[in-house]
Amino acid sequence: MKRKSRHSNFSLVLVCLLPFYVLFAAFYLVPIAYGIVMSLYNVGIELDVFIGVQNFIDLASDRLFWISFRNTLLYVVVMAVGGFGPILVAGILELHLSENDRFRRIYYSVTLAPWVVSWVSLGFAWRFLFSSYIPAGYEAIQNVVPLSGEFGNPLNSPDLALPMVALVWLWTWFGFNILLLKAGMKSVDPALIEAARVDGARNLRIFFGIIIPAMLPYVVFMATMGFIWTFQIFDPIWLLTGESGGPGGWTTSSLTYLMVKEAKSYFRFGYASAMGVVVSLFVLAVSLTQFRLMYKRLV
Amino acid sequence: MDEMTLSEQKKMSRRNYLKYVAGGAVVVAAAGVGYGLYAGSQAPTPPITQTATVTQGATVTGAPTTAAGRLVKSDWWTGQRAFDGDATAMLIGEYNEIYVGDHEVTQGYPGVWNDVYGKLTAAYKAGSGMPDGVMMHTSEIPIFGGNAAAPLDDLVKGPDGLDPSNYVKGAWDASFAADGKQYCVPWDCHCMSMYVNIDAHNKYNIEVPVEIASVDALVDYWRSIKKASGGKVYPTVLDTQTVDLWWMSIANYAEMDDFFTKDLTAPNIRTDKWNHAFEVYETIAKEKLAPASNSHTDLITMFGRGDVATNIYGPWMMGTWDSLPALTYTVCQLKWPIWGGSHAMYLTTAARAQKDREAKMWRWLKWMHRPANNGRYGEYSGMIPATITGQNYLGYKVNPQRQIYAAQSAYTKTTQPTLHLWEMMDIFNAHLSAMSLLSENAQQAQDAIEQELTKLADGN
Amino acid sequence: MKRSRILIYGVLGASLLLWIVPFYILGAVSVNADMLARPPEWFPSQPSIVGYEAYFYRSGFGRWVLNSFIYSISITAGSVAISVLAGYAFSRLQFRGKTVLFWLVLIGMMMPAIVYYIPLFITMARLQLVDTYAGMILPLLVNPFSVFLVKQAFDGVPRDFEEAAVVDGASPYQIMFSVMLPLVRPVMITVLLFNFIWSWNNWIWPLFVLSNNSLFNLPIAVWLQSNTFTIIFQNVAAGGVLAAIVPLILYIIALDYFMKGVVLTGLKG
């Protein structure tokens, strides 16, 4: 039964799309719309008072909002800069050690492990490390190398807390990223590499000349998803620095963290929704641009 | 050719189905194991046993109610998840056995305290999903009194009521709203007091104090610890990263009535006593009487190890200190009006909407407040029972650390309720944390806090 | 060449410790390695399983494990089923509004989850689904990322197979289930695994929607037991280990699928 029309069988399309979109509408679109509506209200336990864009105006002058925005961008920057680590390691693994399958497999599988485990478990493990074992390690090093100062839990230092949380985040995503990049490198036609080697090109030249351009779409994908997920960073902040948002006053707080605090601790559901609207718009703007650049034709 | 391709496809898909079935079997088996664990898991032996017969007249094992009726299932929410939450859970288990077939109370854990409030708010707004009762604090009255929380005056003053003289006065008085209605019944008192690590003191021949008369005396005592230990031991540790009111214990002798105001005007933190309190915070930071900044985990590890000699905290920490075998500790009384709150039991408007539900929840509440039950709660968790008879319960009375704490409760000045308590805590903690790190001095911190508290009050 | 090689192996091998140590510490503390000692212990001097017993003998542990399976299996099955259908439609069918609908999927992928959890929670309260299995499961069936992955997978299948099937007279449903699905079997297994892991590990949505102890899954139960003013370290660590066991076992068994799965997420559409 060949169909000559442009569109497929309507009932088939319906069957395929309806389940997803009904649920999507009910549990995604409706809440988002409700959230947008709530952002225009002062939501109290009894009364919701319509205040228009007052919440957004208040956001602009909210010190905590800007601190959290800055922190969130810092997390993104760390993730971006840290992204070179996976690129380098993937490059070394695939190029230099390309014949040692066993080592590479071990490396990939061990580094991917944090990604499959719940943040709850990771949070506990790192809390123990930061509060006891890392300071003890520093003390041990001090016995050998005369380093200055007393080293306590880095999460208690207002200067180190955010970098530490960011590093834990990087650590969790490292395995995921090097696998992505490995795929990118594998996508290069081996004949091309062979030809280059025959021509006398050394590894470094091959890396920069052939492999990096081939990896580019994967790097861009890593950057896009990395941005989206890092912008939403919440779990390690909540689990490592708890309900305080960081030592010295909001030093680790991200935008989603502040949102949850506003909603749950400060009873400002409307205000938190307004924050949600701003965060969503920002993320959408940046990532849609990235997507556009990456996938010229999406469908 | 094409036909072969298709039948090959069909073969492949059949093989896949087999694999899916195998996978499904593994999954079902795993689920079965899980269920087996569930079915086979024994009910825990409650450590909360009766240690003494009650001499107050009421027996613990009450006769089942003669009120005929269907089984009522009640949800009870609490934010207590440590020894205190376990204690109430076990008491509830006992109650359910006594009133089996008549009333079944289930303790639910919405999360941390803010999750409790958030879920209660959402349930109230949605018009459904409210529990029958909630454990909160007396400070939640301005938020929920009159909407989710139902007034209890008629029950308290009724024929099967409660005796106000049997309750710690400060706690009882705090359970009334501005409109004069009573919205909750206090369950415990949790004032602050000071824990002392005995080993850390003995190591440097420092005398273990029994009581301290004033904040200045406290600072001097801390200085003496630092001197005697040559700086090796921190005199105290402050918790600026957990949302709590430890700092109120130092400022607490300030005029409390002006601080938390019911009509949400900005509190005055420029009185002489408040100024002095900020000077004390600054002294602690400058003279390094406490580590600069620490999480709650660090507080526990440092005090447990003896790196820190004292800490001011609530009675709920006793469970943790008791559980550290290497730690020997005692409690030292701080003899000035000390911050204290109370966990309190609320009944919701949902519960009071139905006659039999209301009757059974009130019966349950009264049962919980019997001396042996309120007392065993304190014995197990370290909290101070709000009932005098509960404090006199033998199991609670024989524990020396519990007793010192109970004596401390006489100095409790309960906070006035305010809608923004948590946010105020965050404001104070952020700047006191900055002070402890020496990035702000007393003047700057006071200015900033005053500014933010004003903004908070104005926003309403 | 030899020396630099050894150096590289050395450095990379040492870097692996960074991933092993946190898991090791979690396990060590869970069997009573004393964190409070000076220096903290790497091997417990008095090993004990008190931390684990605290979980096994709590009424509820078996229930939490069972719930975790219930949630993970039903969410995985449901969400993958609807994602397969939707992904197939986007990949192979033509219809009006395709672009718009797909953009909705993309937007769904980019939207920070916490942003809509709060209003979603209030919506669930209105629907009287708070503290129910349905309330926990239904919203999580919507997984735009799965749709995206499935579409990518189907896009990678050459059209020849379909055309051959059409020539043979197969109905569209037969094409989908008998021809296309088996061809993307590796991707499907990956999608199933990922969804299982994500729903097993999810602790934030349960935090919003569940209060009843008998409905908790393992991660949220572990977190609630552990995140109090009272911290007993071996209990906390034991909870962390228990919450991680099933995902790690699954990971070890299906290692290749996980690794390939990560790769598949990056395939160019």
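Residues numbered from 1 in each chain as written. Chains lettered and ligands numbered in written order. Predicted model: local features only at pLDDT ≥ 70, side-chain atom pairs only at ≥ 80, totals over all residues.

(A) Seen up close, the overall build of chain C. Scanning chain C from N- to C-terminus turns up 14 helices and 0 strands. For chain C, the sequential pattern of α-helices and β-strands runs α-α-α-α-α-α-α-α-α-α-α-α-α-α. Along the first, second and third principal axes, the C-alpha set of chain C runs to 75 × 65 × 30 Å. Looking at chain C as a whole, 57% of its 269 residues are labelled buried. The long-range share in chain C, meaning contacts at least 24 apart out of those at least 6 apart in sequence, stands at 73%. (Helix = DSSP H or I, 4+ residues; strand = E, 2+ residues; numbered from the N terminus. Buried ≥ 20, exposed ≤ 12 C-beta atoms within 10 Å, placed from the backbone. Contact = placed C-beta atoms within 7 Å.)

(B) Looking closely at the overall build of chain B. A count of helices and strands for chain B gives 20 helices and 14 strands. Within chain B, counting contacts between residues at least 6 apart in sequence, those at least 24 apart form 77% of the total.

(C) Broad picture of the pairing of strand β12 (residues 343–347) of chain B. Residue and element names in this part refer to chain B. Among the 5 residues that make up β12, 5 are buried, leaving the element largely enclosed by the rest of the structure. Burial along β12 is two-sided: the face carrying His 343, Met 345 and Leu 347 and the face carrying Ala 344 and Tyr 346 are both buried. Of the strand pairs in this sheet, strand β4 (residues 185–186) and β12 are connected by 2 bridges, and their pairing is antiparallel. Paired with Pro 186 across the bridge in β12 is Ala 344. (Pairing = 2+ DSSP bridges.)

(D) Examining the confidence of the model for chain C more closely. Residues and elements named next belong to chain C. Looking at chain C as a whole, its pLDDT mean stands at 87, while 97% of the residues score no less than 70. Between the elements of chain C, mean pLDDT differs from a low of 80, seen in helix α9 (residues 172–183), to a high of 94, seen in helix α6 (residues 133–137). The complex model carries a pTM of 0.87, and its ipTM stands at 0.89. (pLDDT = per-residue confidence, 0-100.)

(E) Looking closely at helix α2 (residues 83–98) of chain B. All names here are of chain B. Compared with an ideal rise of 1.5 Å per residue, which puts 16 residues at 22 Å, α2 spans 23 Å between its outermost C-alpha atoms and is within 8% of the ideal. Those residues of α2 that fall on the buried side of the exposure criterion are Phe 83, Asp 84, Gly 85, Asp 86, Ala 87, Thr 88, Ala 89, Leu 91 and Ile 92. Considering only its buried residues, α2 is in contact with β2 (103–108), α13 (317–323), α14 (355–368) and α15 (371–381). (Expected span 1.5 Å × (residues − 1).)

(F) Representation of the packing of α2 of chain B against α15 of chain B within the structure. All names here are of chain B. It is the contact of α2 with α15, at a shortest axis distance of 9 Å, that shows an interaxial angle of 145 degrees. Relative to α15, the crossing made by α2 is right-handed. Here Phe 83, Asp 84, Ala 87, Thr 88 and Leu 91 of α2 come into contact with α15, specifically with Asn 373, Tyr 377, Tyr 380 and Ser 381. Considered class by class, the residues forming the contact of α2 with α15 number 5 nonpolar, 3 polar and 1 charged. (Axes fitted to C-alpha atoms, helices over the stretch in contact; angles between N-to-C directions. Left-handed = near helix turned anticlockwise from the far one by under 90°. Nonpolar A, V, L, I, M, F, W, Y, C, P; charged D, E, K, R; others polar.)

(G) Focus on unusual backbone geometry. Positive phi is not limited to glycine here, since Lys 288 of chain B has a value of about 55 degrees. Following the sequence through the fold, Lys 288 of chain B ends up in the loop between α11 (272–286) and α12 (296–305). What makes Lys 288 of chain B partly exposed here is the crowd of 14 C-beta atoms within 10 Å. A positive phi angle, near 60 degrees, is found at Gln 128 of chain C, a position not held by glycine. With respect to the secondary-structure elements, Gln 128 of chain C resides in the loop between α5 (113–126) and α6. Residue Gln 128 of chain C is classed as partly exposed on the basis of its 15 C-beta neighbours within 10 Å.

(H) Highlighting the domain arrangement of chain B. Residue and element names in this part refer to chain B. Looking at the assigned domains, one finds that chain B contains domain 1 (72–190 + 342–411) and domain 2 (193–313 + 420–458). Summarising the inter-unit geometry, the C-alpha centres of domain 1 and domain 2 are found 30 Å apart. Contact residues are listed per partner, giving 6 residues for domain 1 and 4 residues for domain 2. Considered class by class, the residues forming the side of domain 1 that touches domain 2 number 3 nonpolar, 3 polar and no charged. (Domains from an automatic or database assignment.)

(I) A look at the domain arrangement of chain C. All names here are of chain C. The domain boundaries assigned to chain C delineate domain 1 (1–48) and domain 2 (58–265). For domain 1 versus domain 2, the separation of C-alpha centres amounts to 33 Å. Taken together, the contacts link 6 residues of domain 1 with 6 residues of domain 2. Grouping the constituent residues of the side of domain 1 that touches domain 2 by class yields 3 nonpolar, 3 polar and no charged.

(J) Just the interface of chain A and chain C, in detail. Listed per partner, the contact involves 76 residues of chain A and 73 residues of chain C. Elements that contribute at least two residues to the side of chain A that touches chain C include exactly α1 (10–38), α4 (84–96), α5 (101–116), α6 (119–144), α7 (161–186), α9 (203–231), α11 (255–264) and α12 (269–294) of chain A. Counting residues per element, the side of chain A that touches chain C draws most heavily on α1 of chain A, which supplies 17 residues. Here the side of chain A that touches chain C is composed, by residue class, of 58 nonpolar, 16 polar and 2 charged.

(K) Summary view of the sheet that holds β12 of chain B. In spatial order, the strands read β2-β1-β3-β12-β4 (chain B); together these 5 strands make up an open sheet with mixed pairing. Either end of the sheet is taken by a strand with one partner, and the two such strands are β2 and β4 of chain B.

(L) Quick peek at the nonpolar core. Judged by nonpolar contacts, the single largest core of 304 residues is most densely connected at Met 275 of chain A, Tyr 346 of chain B together with Phe 121 of chain C. Top element by residues in this core is α7 of chain A. It accounts for 17 residues. The contacts of Tyr 346 of chain B, once residues within four sequence positions are left out, are Gly 133, Val 134, Met 136, Phe 144, Ala 149, Tyr 183 and Cys 184 of chain B. (Core = buried A, V, L, I, M, F, W, Y, C linked by C-beta atoms within 7 Å.)

(M) Highlighting the sheet that holds strand β6 (residues 193–197) of chain B. All names here are of chain B. Spatial ordering of the open sheet is given by β7-β10-β6-β9-β8, a layout of 5 strands whose pairing is mixed. Each of the sheet's edge strands pairs with one partner strand only, and the pair in question is β7 (211–212) and β8 (234–237). Judged from the 2 bridges that link them, β7 and strand β10 (residues 329–334) form a sheet pairing that is parallel. From the neighbouring strand, Ile 212 faces β10, where its bridge partner is Leu 334.

(N) Region of interest: α1 of chain A. At Leu 18 of chain A, α1 of chain A is deflected by roughly 40 degrees, the largest bend along its length, and proline Pro 19 of chain A occurs up to four residues later in sequence. For α1 of chain A, the full list of buried residues reads Val 13, Cys 16, Leu 17, Phe 20, Phe 24, Phe 27, Tyr 28, Pro 31, Ile 32, Gly 35 and Met 38 of chain A. (Bend = angle between axes of the 7 residues up to and from the residue.)

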